[in-house]
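# Analysis of the macromolecular model
Take a look at the letters that make up each chain.
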Amino acid sequence: MLLKKKGVDYTDISITADNVRRQEMIERSGRTSVPQIFIGETHVGGFDDLYALDKSGELDALLAGDQQQG
Ligand SMILES: N[C@@H](CCC(=O)N[C@@H](CS)C(=O)NCC(=O)O)C(=O)O
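This write-up is about the structure you can find in this document. (Residues numbered from 1 in each chain as written. Predicted model: local features only at pLDDT ≥ 70, side-chain atom pairs only at ≥ 80, totals over all residues.)

Let us look at the site of the ligand. Around the ligand, the neighbouring residues are T32, S33, V34, P35, G46, F47 and D48. Here the residues of the shell around the ligand sort into 3 nonpolar, 3 polar and 1 charged. (Near = placed C-beta within 6 Å. Nonpolar A, V, L, I, M, F, W, Y, C, P; charged D, E, K, R; others polar.)

This is the structure we're talking about:
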């Protein structure tokens, strides 16, 4: 909802029935909980981490950087 509110286009990958994607998520994030949020190649973490980044003002900069890279 936070990303939607910001008008960010994102892909939601369900790992519920996909062990390959689940393994990929664990390898890339080092975590097993969901969601694991990535902006470009940057691993943000879960929702708490995303919210903290927004509060500190770093989320907008990260999103802007990702859009510049395409
Ligand atoms: N602090 C995390 C909490 C995430 C969380 O509790 N996820 C639950 C599902 S809603 C989960 O994945 N539990 C299973 C696990 O931790 O492996 C966040 O903000 O994203």
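There's more to say after this.
Turning to the pairing of strand β2 (residues 42-45), a few remarks are in order. Relative to β2, strand β1 (residues 37-39) runs antiparallel, the two sharing 3 bridges. Pairing of I39 across the sheet is with T42, part of β2. Linking two consecutive strands that pair antiparallel, namely β1 and β2, is a turn of 2 residues; a positive phi of about 60 degrees is found at G40 within it. (Pairing = 2+ DSSP bridges. Helix = DSSP H or I, 4+ residues; strand = E, 2+ residues; numbered from the N terminus.)

Relative to the helices and strands, L59 resides in helix α4 (residues 58-69). Judged by local crowding, L59 falls into the buried class, with 21 C-beta atoms found within 10 Å. Residues L59 and R21, spaced 38 residues apart in sequence, show a C-alpha to C-alpha distance of 25 Å. Filtering out sequence-adjacent residues up to four positions away, L59 remains in contact with L50, L53 and D54. (Buried ≥ 20, exposed ≤ 12 C-beta atoms within 10 Å, placed from the backbone. Contact = placed C-beta atoms within 7 Å.)

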